[in-house]
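Structural characterization, general
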Amino acid sequence: MKLIAIGDNVTDCYVDEGVYFPGGNAVNVAVNCKKNGAARVNYIGVFGNDDRADYIKECLKEEGVEYERSRKVYAPTAQPRVFLKDGDRVFGAGPRDSCQHLFAIKIVKEDVELIQDFDICHTSCFSNLEYELPALSEICQVSFDFSERREDAYLERTCPYLTFAFFSGSDLEESQCEDLLKKVHGLGTRVAGITRGSKGAMFYDGEKLYRQGIKKVEAVDTMGAGDSFIAGFLTAYGGGKPMEEALDYAAQRSALTCTVRGGFGHPHQA
């Protein structure tokens, strides 16, 4: 399986400790897919012109993720502030006017030539790429992380172009999850899933509703656990594993991420 991720890169700033970690949904999914054994992984994003952007690139290179089609702009890297409370992450707003806030990627011919060499393209609601979904869906399978976005207009705009849709829904009852999954599938998405924190995950493929429990570990940080679940699922299911095996593998990889600081390690002094 070959995956390309398009979208956000940030430095998650652990304020209490004076360190930051490379992150962002697209970066986390890309790195974890490579860790999971994906044959090839690429990343297209908008990098700032600061030391933090250079550090993210160093980490991607170390993890074996290519990024040759990424852009560079004159703006700082996004720096969400993170506080840990009882092992869980609590976000605070970072400085505005970062490259993540100010710029979106326009897909051009050279990008298409690269993307079409991959099996799956992953992006998210954080990546300002909704307007490119129709074109992307013509050249590969598209995976999309909605996080907690569920409004009807947004679903109707995006779901017809997706192969995989992922949601965060720890606040939803099981019946609400089932309704959402079936709505998303009805709009055209082939496989939809909701991760629910300690309640596990629910997935739907148009024929069957699947439930996956969590894998218990001694968690030190839940940063990136959802992204790692997505990466585990895409690597396994996209590589031909049946749904049950793919979900079990995704849960294993998500649990492992909870034993690592940051989305995938690489702490740096702030």
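As shown above, the structure is provided for reference.
Before going into details, it helps to say that this report is about the structure given with it. All figures in this text were calculated on a predicted structure; none of them were measured in a lab. Starting afresh in each chain, residues are numbered from 1 along the sequence in its written order. Two thresholds apply to this predicted model, a pLDDT of at least 70 for residue-level local features and 80 or more for giving and counting side-chain atom pairs, whereas whole-chain, interface and lining totals are computed over all residues. For the side-chain quantities, the full set of heavy atoms in the structure was used; hydrogens and water were omitted.

1. Some words on the sheet that holds strand β1 (residues 2–7)
Defined as follows: At least two DSSP bridges between two strands are needed for those strands to be called paired. Here a helix means four or more residues in a row that DSSP labels H or I, a strand means two or more in a row labelled E, and each is numbered from the N terminus. Here a residue-residue contact requires only that any non-hydrogen atoms of the pair lie within 4.5 Å. Here, axes are lines fitted to C-alpha atoms. For helices the fit covers the stretch in contact, and angles between N-to-C directions go from 0 to 180 degrees.
Ordered by their spatial adjacency, nine strands build an open sheet running β5-β4-β1-β8-β9-β10-β11-β12-β13, and the pairing between neighbours is mixed. A single partner strand is all that each edge strand has here, and the edge strands are β5 (71–72) and β13 (209–212). Pairing analysis gives five bridges linking strand β10 (residues 164–168) to strand β11 (residues 191–195), with the strands arranged parallel. Across the sheet, the residue bridging to A165 is A192, located in β11. Along the sheet face, helix α2 (residues 51–63) touches β4 (40–47) and β5 and points at about 175° away from the line of β4.

2. Section: the packing of aromatic side chains
Definition in use: Two aromatic rings, drawn from Phe, Tyr or Trp (for Trp, its six-membered ring), form a pair once their centres lie within 6.5 Å of each other, and the interplanar angle then sorts them: stacked below 30 degrees, edge-to-face above 60, tilted otherwise. Using a 1.4 Å probe on the protein chains alone, a residue whose accessible area is under 20% of its type maximum counts as buried, one over 50% counts as exposed, and one in between counts as partly exposed. Only when the NZ of Lys or the CZ of Arg is both within 6 Å of the ring centre and within 35 degrees of the ring normal is a charge said to sit over the ring.
A full pass over the atoms with the stated rule returns 15 aromatic pairs. Residues Y20 and Y55 carry aromatic rings whose centres are separated by 6.0 Å and whose planes lie at 85° to one another, so their mutual orientation is edge-to-face. On the criterion of sequence distance, the pair formed by Y20 in strand β3 (residues 19–23) and Y55 in helix α2 is long-range, its members being 35 residues apart. Like Y55, Y20 is buried. Between F164 and Y237, the aromatic rings sit 6.0 Å apart at their centres with planes inclined by 90°, giving edge-to-face as the arrangement. One end of the pair, F164, is in strand β10; the other, Y237, is in helix α8 (residues 225–238), with 73 residues separating them in the sequence. Exposure remark for F164: the relative accessible area of 2% places this residue in the buried category. Joined through ring pairs, the aromatic side chains of F164, F166, F203, F229, F233 and Y237 make up one cluster. In this arrangement the basic side chain of R52 is found over the ring face of Y20, its NZ or CZ atom lying 4.2 Å from the centre. The ring centre of Y154 lies 3.6 Å from the NZ or CZ of R149, which sits over that ring.

3. Description of the side chain of S127
To keep it simple, the criterion reads: In the analysis that follows, any N or O atom pair within 3.5 Å is treated as a polar contact, provided that within protein one partner can donate a hydrogen and the other can accept it, and provided that, for residues neighboring in sequence, both atoms belong to side chains.
Considering the arrangement of structural elements, one finds S127 in the loop between β8 (120–124) and α5 (133–137). Classification of S127 as buried rests on a relative accessible area of 6%. A polar side-chain atom of S127 sits 3.4 Å from the main-chain amide nitrogen of D8. Not counting residues within four places of it along the chain, the set of residues in contact with S127 comprises I6, G7, D8 and Q100.

4. A few points about α8
Selection rule: A helix is expected to reach a length of 1.5 Å times the quantity of its residues less one.
In a regular helix each residue adds 1.5 Å, so 14 residues correspond to 20 Å; α8 covers 19 Å between its end C-alpha atoms and thus fits that length. The element α8 is extensively covered by neighbouring structure, given that eleven of its 14 residues are classed as buried. Within the sequence span of α8, burial applies to A225, D227, S228, F229, I230, A231, G232, F233, L234, T235 and A236. Positive backbone phi, approximately 105°, marks G240, located one or two places after α8.

5. Notes on the nonpolar core
Our working definition: For our purposes a nonpolar core is just a set of buried Ala, Val, Leu, Ile, Met, Phe, Trp, Tyr and Cys residues, chained together by side-chain atoms within 4.5 Å.
Among the nonpolar cores identified, the biggest contains 41 residues, and L3, C33, Y43, L60, F203, F233 and L234 are the most heavily contacted of them. Secondary-structure elements contributing two or more residues to this core are β1, α1 (25–35), β4, α2, β10, β12 (201–204), α8 and α9 (243–257). Aside from chain neighbours lying at most four places away, what touches C33 is M1, L3, A38, V41, A231 and T235.

6. So, the packing of α8 against α9
The following threshold applies: Crossing handedness: left-handed means the near helix sits turned counterclockwise from the far one by under a right angle, and right-handed means the same turn made clockwise. Nonpolar residues are Ala, Val, Leu, Ile, Met, Phe, Trp, Tyr, Cys and Pro. Charged residues are Asp, Glu, Lys and Arg, and all others, Gly as well, are polar.
One can describe the packing of α8 onto α9 by two numbers: an axis separation of 7 Å at closest approach and a directional angle of 145°. Between α8 and α9 lies a crossing whose hand is right-handed. Facing α8, whose interface residues are A225, S228, F229, G232, F233, A236 and Y237, α9 presents M243, A246, L247, Y249, A250, A251, R253, S254 and T257. For the contact of α8 with α9, the residue count by class is eleven nonpolar, four polar and one charged.

7. Notes on the pattern of salt bridges
Applied cut-off: The salt bridge definition used is simple: a Lys or Arg side-chain nitrogen within 4 Å of an Asp or Glu carboxyl oxygen.
Scanning all chains against the criterion turns up 14 salt bridges. Put simply, K35 and E63 hold a salt bridge, and the shortest N to O gap is 3.2 Å. Here E63 lies in helix α2 and K35 lies in helix α1, a separation of 28 residues in the sequence. The exposure class assigned to K35 is partly exposed, which follows from its relative accessible area of 40%. When its relative accessible area of 15% is taken as the criterion, E63 is described as buried. The shortest N-O distance in the salt bridge between E178 and K182 comes to 2.9 Å. With E178 and K182 both in helix α7 (residues 174–186) and four residues apart, the pair spans about one turn of that helix. The network of salt bridges with common partners includes E17, D221 and R261.

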